[in-house]
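Summary of structural features
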Amino acid sequence: MKMKKYIIWTSLVTVFTFGLSSCADFLDELPDNRTELNPDNVGKILVSAYPTTAICEIGEVSSDNTDAYPNNFSSDRLLEDLYKWESTAEQDQDSPAALWESCYIAISACNQALKAVEDAGNPVSLNAVKGEALVCRAYAHFLLANIFCKAYGTTAKTDLGIPYMKDIETTVSPNYERGTLEDVYKNIESDLLAGVELISDNVYSVPKYHFTKKAAYALAARFYLYYVQPDKSNYDNVIKYADKVLGNNPSTLVRDWASLGELDLDKDILPNSYVSADNNANLLLVSTNSYWGFNVDPYGRGERYAHGPLVAVETCRSNGPWGNYSPAKESNVYYMFPWSNSSSLPTKVMLRKVAEYQEVVDPVAGTINGHIINAAFTTDETLLCRAEAYIMKGAGFYPQAIADLNVWQSAYTRSTTLLTVDAINNYYGNMGYYKPLEPTVKKELHPDFSIADATQENLIHCVLHARRILTLHEGLRWFDIKRYGIVVYRRFISNSGTVSVTDELKADDPRRAIQIPSDVISAGMKPNPRN
C-alpha cells in the first residue's frame, strides 16, 4: 500500500488508528479526531500519539541479521534498498518514509493534546494526559533520531539531528532545521523527565497499549543507555529507571520462555501469546501498519534478503556460555525453537514472535493491508539494559551485571549452571573475532566511548549476544550495531551454498544514518551525508 505524499507535519484530520484491546478486534477502526478538543475528550487524541510504523524491517534488514540469496527467491525493492543501505524512494509500510511520517503524525497528536491542556490552564485533572503526551513525544523523536541520525557520541554537538517539534504547525510550507543530535537528545530528556512522573496507569482501559509508568521507565532506561556521557553518569540513570521496572525480584517479571517455547510453531498461536496484553513481561505493545510478519513467518515471502542458516549460528542457533544449540528441540539449550523453511537452499530461520494480521481491503480483488503488534518494551530487554549499565560502570559492579545475566539465562535457556565473570571472560576470550566467512558471535567493537579492558569487553560481548537473541526480528540489533561501531559485512549465498562478501559497512560509514525521505529532501531539508 503506497503512503500518501507528505511534508514533515500532517493534520490529524486524516489520521485513523486501530483498536487494540485484543487480537480479535484490533482492526476495528476508531472514530477520527475532528472533534474539537476540550478537557473532557483531550485524552482520546492520544490513541494517535503512537507511531503506526515499526522499526522492525528497517532495523533487521539493515543489520547483520540478514544475508542475501539468489534472485530466484522472493523479495521487493524496499528489502533490497534496506539491505544495500541505499537511499530508497519506496514509501510503503515499513519504509523509512512511512516511519518518518508516522512519527511526526504521532508528534502532532501529542502537541495538540498538550496545547489543549495548556489552554485549559494545566489543571491537575489533566496531568495524566500531559504526561502521556510528553512521553509519547519523546519516544517518537527517539525513534527518529536512532534511525535517521548517527549514534549519540562525542560529535553529537555537530552531528545532524532531526526537527524537534514542540508546537502545532499553523503556517503553509514552513521551513524546518534539523539542528544537532545533542539538541534532540536534550529535548527528549526534557520531555521524558517532565512526563514520566505525571503518567497515571488508572486512566487506561487497555494499559499495555499506552505508556504506563513502567513502560515510561523502560523507555528512560533505554534512552540513558544510548545517551552516553563523558563521566558515564548516564549509566546511573539506566539503573535507576530499570530498578523502577524490575523491582527487587526481576525473575518474577521476565517472560516465561519455557511455557512459550512449548506452544505450536504452526499458525499464530505462539506469536499471539508473545504479544498478549495479559503477559506481565510486555510493557508496551504497539499496533503498526506492516508486512514484516510475512517476512518472518512461514510464508514464501522475503526469502531473498533474510535471516537464514548462516547468520542463525550467531543468533537463535548459536552456542553461548549458557550452553549449545541443538537441532533436537528437547535438547536445545534455548526454550524457543526456530522454524525453518524446507527449500533445497533454506533461507529463513525464524523465531515465531511476529504474526501478520490481515485487514481485507477488497475481498473480490483479494487485496489486504498488513498489520503487526510490536512488543516495543519488555521486562527482559530492560533487564539487559541494566546489565549493560552495570558492566559499563566497571569491575565493582560486575556482580550485579552477572546477577541480571543469570536472570535472563534462567528464563531463556535450560542451563542450570550459573554464569560467572570468569566463565564469560574465558568463553569469549578464547573465541576468535568474527570473519564473514568464519563467523562467530564475537565482533570487533569500535564504540565512541572507552572500554576498560579485555574482561569488560567480554562481558559486553555477552550482553550483546543475549540481546541479539532476545530481540531477534524486532529491529533493536541495528541500534547496537551503531552504538558499538560493529562492522557489518554483506554476504551472498549462492544456490550451491558458496558464500561471497559483496559489501562492508565500516564503523565510520555515513550510511549508518538512514537517509531521510526523498520528499523531505526535495522540500529543502538537509540530507544525511554520503561518501
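Described in the following lines is the structure provided in the data block. These numbers were taken from a predicted model, which means no experiment stands behind them.

1. As for the overall build of the protein chain
- Scanning the protein chain from N- to C-terminus turns up 17 helices and 9 strands.
- Taken over C-alpha atoms, the radius of gyration comes to 22 Å for the protein chain, in line with the 24 Å a tight globule of 531 residues would show.
- Looking at the protein chain as a whole, 59% of its 531 residues are labelled buried.
- Long-range pairs, those at least 24 residues apart, make up 70% of the contacts in the protein chain with a sequence separation of at least 6.
- Here the protein chain carries 49 positive and 64 negative side-chain charges, and the mean point of each set is 3 Å from the other.

2. Thoughts on the state of the cysteines
- This model, assessed by the stated rule, comprises 0 disulfides.
- Not engaged in a disulfide, the cysteine Cys56 finds its nearest cysteine sulfur in Cys103; these two sulfurs lie 13 Å apart.
- You can see Cys110 has no disulfide; the closest cysteine sulfur is in Cys136, sitting 4.9 Å from it.
- Cys110 gets classed as buried once you look at its relative accessible area, which sits at 0%.

3. As for the environment of Phe337
- Counting through the fold element by element, Phe337 comes out in the loop between α11 (309–312) and β4 (339–340).
- Exposure remark for Phe337: the relative accessible area of 17% places this residue in the buried category.
- Sequence separation between Phe337 and Glu262 is 75 residues; the distance between their C-alpha atoms is 9.0 Å.

4. Topic: the pairing of strand β6 (residues 357–362)
- Across 5 bridges, the pairing between β6 and strand β7 (residues 367–378) is antiparallel. Bridged to Tyr357 within β7 is His371.
- If you look at the hairpin formed by β6 and β7, you'll find 4 residues sitting between the two strands, and Gly366 has a positive phi there, around 75 degrees.

5. Thoughts on the sheet that holds β7
- Pairing within the open sheet is antiparallel, and its 3 strands lie in the order β2-β7-β6. In this open sheet, the two strands that pair with only one neighbour each are β2 (282–289) and β6. Averaged over all adjacent pairs, the angle separating strand axes in this sheet is 25 degrees, with direction ignored.

6. Regarding unusual backbone geometry
- A positive phi angle, near 85 degrees, is found at Asp94, a position not held by glycine.
- Of note, Asp94 is situated in the loop between α2 (77–83) and α3 (96–119).
- A positive phi angle is found at Lys232, which is not glycine, with a value near 60 degrees.
- For Lys232, a relative accessible area of 24% puts it in the partly exposed group.

7. A closer look at the side chain of His307
- Turning to its location among the elements, His307 is positioned in the loop between β3 (305–306) and α11.
- Within the structure, the side chain of His307 is placed 2.7 Å from the side chain of Thr315, a separation counted as a polar contact.
- At 2.6 Å, the side chain of His307 and the backbone oxygen of Val349 are in polar contact.
- When residues no more than four places from it in sequence are discounted, the contact partners of His307 are Asn65, Ala312, Thr315, Cys316, Thr347, Lys348, Val349, Met350, Leu472 and His473.

8. Things to note about the pattern of salt bridges
- Using the criterion set out here, one finds 27 salt bridges in the structure.
- Taking the shortest distance from any N to any O, the salt bridge between Asp509 and Arg511 comes out at 2.9 Å.
- The exposure class of Asp509 is buried, given its relative accessible area of 13%.
- Arg511 sits in the buried class, given a relative accessible area of 17%.
- One salt-bridge network, held together by shared partners, links Asp64, Asp67, Glu314, Lys443, Arg468, Arg477 and Arg491.

Rules used throughout
Throughout this document, residue positions are counted from 1 along each chain, in the order its sequence is written. For this predicted model, a pLDDT threshold of at least 70 governs which residues receive local features, and a threshold of 80 or more governs which side-chain atom pairs are given and counted, while totals over whole chains, interfaces and linings are taken from all residues. Water and hydrogen atoms play no part in the side-chain values, which are based on all heavy atoms of the structure. A run of H or I in DSSP becomes a helix once it reaches four residues, and a run of E becomes a strand once it reaches two; helices and strands are each numbered from the N terminus. The size measure is the radius of gyration over C-alpha atoms, and the globule rule it meets is 2.2 Å times the number of residues to the 0.38 power. Here the term buried applies to any residue with accessible area under 20% of the maximum for its type, exposed to any over 50%, and partly exposed to those in between, with areas from a 1.4 Å probe on protein chains only. Pairs of residues are marked as contacts when any of their non-hydrogen atoms sit within 4.5 Å. When charges are counted, Lys and Arg are positive and Asp and Glu negative, with His and the chain ends excluded. To locate a charge, take atom NZ for lysine, CZ for arginine, CG for aspartate or CD for glutamate. Two cysteine sulfur atoms make up a disulfide if the distance between them is within 2.5 Å. By the convention used here, strands pair only if DSSP detects at least 2 bridges between them. With axes taken as lines fitted to C-alpha atoms, and helix axes fitted only over the stretch in contact, angles between N-to-C directions fall between 0 and 180 degrees. Definition of a polar contact: a pair of N or O atoms within 3.5 Å, with one able to donate and the other able to accept a hydrogen when the atoms are protein atoms, and with sequence-neighbouring residues admitted only if both atoms are side-chain atoms. The term salt bridge refers to a side-chain nitrogen of Lys or Arg lying within 4 Å of a carboxyl oxygen of Asp or Glu.

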